[in-house]
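Structural overview for review
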Amino acid sequence: MLDLKSLDLLREAAARLDQGFAHLPVFDADADMDALRTVLMDAAERMRDNYPYPHPLYAGQMLKPPHAVARLAYMLALYFNPNNHALDGGRASSAMEKEAVAQIAAMFGWTTHLGHLTSGGTVANLEALWIAGRVAPGKTILASAQAHYTHSRISDVLGIPFEPIPTDARAKMDMNALEDRLKRGGVGAVVATMGTTAVGAVDPLGDILTLRDKYGFRVHADAAYGGYFTLADNLGAETRAAFDRLIDADSIAIDPHKHGLQPYGCGCILFRDPAVGRYYNHDSPYTYFTSDELHLGEISLECSRAGAAAVALWTTMRLYPLARGGAFAAMLSRCRAAACRLYGKLQADSRFLVGIAPELDIIYFAPKRESASAVDAASRALFAAAAEHDLHLALATLPVELLRPHWDIVWDAPKTAVLRSVLMKPEHLDWIDSIYAVLDKLA
Ligand SMILES: *Cc1c(COP(=O)(O)O)cnc(C)c1O
């Protein structure tokens, strides 16, 4: 299952890197191989206690194996373990981070920006909400009831009032409810989720921006999960229209460690206006925030950050530029195609209940039963039975409000477990028939 061939390239690349320091007095950094072997084999044994995340029959939670190029570049950089806090701790990798982040900003149509990598989407969103709080002190932050739970917690940490806005039958922020709330005033920022973590629903960003013109507030796009889908060529018209408005958001959070082929520890925050750099307690002139001299630690809440993450991302984007019509874009399109294909098969099968048609690559479904409590039990049973057949799905507990508009069953419980499948490997498209074959057999 694991790619071991490419490890030879790591040796070759590390030797190339080493040559750059060949003039130094000899310093032998060889390891004690026997001692290493013993503990590494222990680790390999321990790691066998996992679902097979890299395999396409793992079609459960939001987990995607990093691409070989990211793994190798990360391991290469680890020999130096640069720290992208400051230029002297991570010279090459800080420059690579700036280039990589600029390419992500360009993907959204931004020619200028302020941004950097973070340890993940949580900190990326934290920085966006922190800036929102600095720009409009004391004002409320709104996000949909289906937004990532991190937004209410972050607001709590920052001491900023937070209110959820109900969602409609398709798990998108309800625009009438949003406008009703805006009329009451005191709103500093609205978070638009560009792909909810639960079902991949995309908030109507265009409508939110129209309300911004009327009521005046910041718009932060949480594209941690969905951001890269802007490159896909097979989105529905409404989803496409929402992604095309990202250029007008005030800030965007995106996770290269979700759909950007990176190992964990790689999120990204982008601000459209570089001048927000002044809120990071910095007294340098405005132009400094876009200069090559900028130490990334000066515009980041986190101090030490993995330079290796920047090297991995930069190298991955050399191989897979963020271009529409390119090979990376095709991977995103395949993920969505996989979700649509499995959704279609389940929808046509009277033994299953399906949810909203997938906007991105997440689907949820359940065995058909009379009541919510029976659906809950049947979902849990199918989850366990599928795992015995080496098909690994996930369980998600969804509120009745999301399911009731779609399922004509007895609602005897306020929420119910359903099966959830995040089809985020490009290979999933080739495995839909095998995945469905297991479900067919067990249904
Ligand atoms: C994953 C996710 C987050 C949190 O990001 P982490 O990288 O897990 O810290 C926030 N928002 C959305 C929409 C997400 O999908």
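Being a predicted model, the structure only gives us computed values, none of them experimental.

Looking now at the layout of surface pockets. In this model, the largest pocket occupies a volume close to 1700 Å³. In this structure, the largest pocket is lined by 41 residues; those nearest its centre are Leu 2, Asp 3, Pro 54, Pro 66 and Arg 71. For the lining of the largest pocket, the secondary-structure elements that each account for two or more residues are helix H2 (33-47) and helix H3 (68-78). When grouped by side-chain class, the residues that make up the lining of the largest pocket number 29 nonpolar, five polar and seven charged. Surrounding the second largest pocket, 20 residues form its lining, Ala 14, Asp 18, Ala 29, Asp 30 and Tyr 79 being those nearest its centre. Each residue belonging to the lining of the second largest pocket can be placed in one class, and the counts come to 16 nonpolar, no polar and four charged.

Below, the discussion takes up the state of the cysteines. Summed over all chains, the structure comprises zero disulfides. Here Cys 335 is not cross-linked by a disulfide; its sulfur's nearest cysteine counterpart is in Cys 340, at 11 Å. For Cys 340, a relative accessible area of 30% translates into the label partly exposed.

Moving on to the site of the ligand. Taken together, the neighbourhood of the ligand is formed by 13 residues, with Thr 122, Asp 222, Asp 255, His 257 and Lys 258 sitting nearest. Contact distances for the ligand include 2.5 Å between an oxygen atom and a side-chain N or O atom of Thr 122. Between an oxygen atom of the ligand and a side-chain N or O atom of Asp 255, the distance comes to 2.6 Å. Considered on its own, the ligand offers 380 Å² of accessible surface; in the complex 87% of this is hidden by protein. When residues in the shell around the ligand are grouped by element, the largest group, three residues, is from helix H5 (residues 121-135).

Relative to the helices and strands, His 151 is located in helix H6 (residues 150-158). With near-sequence residues (within four places) excluded, His 151 lies in contact with Asn 125, Leu 129, Phe 162, Val 191, His 220 and Asp 222.

What follows deals with the domain arrangement of the chain. Each assigned domain of the chain is listed here: domain 1 (91-319) and domain 2 (327-442). Contacts between domain 1 and domain 2 engage 32 residues on the former and 22 residues on the latter. Seen at the junction of domain 1 and domain 2, the total is one salt bridge. For Lys 172, the salt bridge goes to Glu 359, with nearest N and O atoms at 2.9 Å.

Even without glycine at this site, Asn 81 takes up a positive phi of about 45°. Inspection of the secondary structure assignment puts Asn 81 in the loop between H3 and helix H4 (91-107). The residue Ala 171 is not glycine, and still its phi comes out positive at about 70°. Mapped onto the elements of the fold, Ala 171 is located in the loop between strand E3 (162-165) and helix H7 (175-183).

Here the focus is the nonpolar core. Among the nonpolar cores identified, the biggest contains 60 residues, and Ile 104, Leu 178 and Met 194 are the most heavily contacted of them. Lining this core are residues from two domains, each supplying at least three of them: domain 1 (91-319) and domain 2 (327-442). Counting residues in hydrophobic clusters, the runner-up holds 22 residues, among them Leu 342, Tyr 343, Val 438 and Leu 439.

This next bit is on helix H12 (residues 327-347). Residues spaced three or four apart along an α-helix point in a common direction, a consequence of the helix completing one turn every 3.6 residues. Its 21 residues place the ends of H12 30 Å apart at the C-alpha level, agreeing with the 30 Å of an ideal helix rising 1.5 Å per residue. Those residues of H12 not exposed but buried are Phe 328, Ala 329, Met 331, Leu 332, Ser 333, Cys 335, Arg 336, Ala 338, Ala 339, Leu 342, Tyr 343 and Leu 346. On its buried face, H12 sits against helix H10 (256-259), strand E8 (352-354), strand E9 (362-367) and helix H15 (428-442).

This paragraph deals with the sheet that holds strand E11 (residues 415-422). Read across the open sheet, the four strands follow the order E8-E9-E11-E10; overall the sheet is antiparallel. Sheet topology places E8 and strand E10 (394-399) at the edges, where each strand pairs with a single neighbour. Neighbour-to-neighbour, the strand axes of the sheet open up by a mean angle of 45°, direction not taken into account. Two elements, E10 and E11, share six bridges in a ladder whose sense is antiparallel.

Between two packed helices, the angle of one axis relative to the other and the distance separating the axes together describe the packing. The N-to-C vectors of H7 and helix H8 (residues 205-215) enclose an angle of 15°; their axes lie 11 Å apart at closest approach. On the basis of their axis angle, the class for H7 and H8 is roughly parallel. Note on packing geometry: the crossing formed by H7 with H8 is right-handed. For the pair formed by H7 and H8, the contact residues are Met 175, Leu 178, Glu 179, Leu 182 and Lys 183 on the first element and Asp 207, Ile 208, Leu 211, Lys 214 and Tyr 215 on the second.

Right, let's talk about the pattern of salt bridges for a bit. Tallying each qualifying case throughout the model produces 20 salt bridges. Arg 341 is paired through a salt bridge with Asp 433; the nearest N and O atoms lie 2.8 Å apart. Within this pair, whereas Arg 341 is found in helix H12, its partner Asp 433 is found in helix H15, the two being separated by 92 residues in sequence. The structure contains a network of salt bridges with shared partners spanning Arg 212, Asp 250 and Arg 272.

What counts and how
Residues numbered from 1 in each chain as written. Predicted model: local features only at pLDDT ≥ 70, side-chain atom pairs only at ≥ 80, totals over all residues. Heavy atoms only, no water. 1 Å grid on protein atoms, 1.4 Å probe; cavity = no way out; pocket = protein on both sides within 12 Å on 5 of 7 lines; lining within 4 Å. Points joined across faces, edges and corners; volume = space filled by probe spheres on them. Helix = DSSP H or I, 4+ residues; strand = E, 2+ residues; numbered from the N terminus. Nonpolar A, V, L, I, M, F, W, Y, C, P; charged D, E, K, R; others polar. Disulfide = S-S within 2.5 Å. Buried < 20%, exposed > 50% of the residue type's maximum accessible area, 1.4 Å probe, protein only. Near = heavy atom within 4 Å. Polar contact = N/O pair within 3.5 Å; in protein donor to acceptor, adjacent residues only side chain to side chain. Areas by Shrake-Rupley, 256 points an atom, 1.4 Å probe, with all protein chains shown as cover. Contact = heavy atoms within 4.5 Å. Domains from an automatic or database assignment. Salt bridge = Lys/Arg side-chain N within 4 Å of Asp/Glu carboxyl O. Core = buried A, V, L, I, M, F, W, Y, C linked by side-chain atoms within 4.5 Å. Expected span 1.5 Å × (residues − 1). Pairing = 2+ DSSP bridges. Axes fitted to C-alpha atoms, helices over the stretch in contact; angles between N-to-C directions. Parallel < 35°, antiparallel > 145°, perpendicular 65-115°, else oblique. Left-handed = near helix turned anticlockwise from the far one by under 90°.

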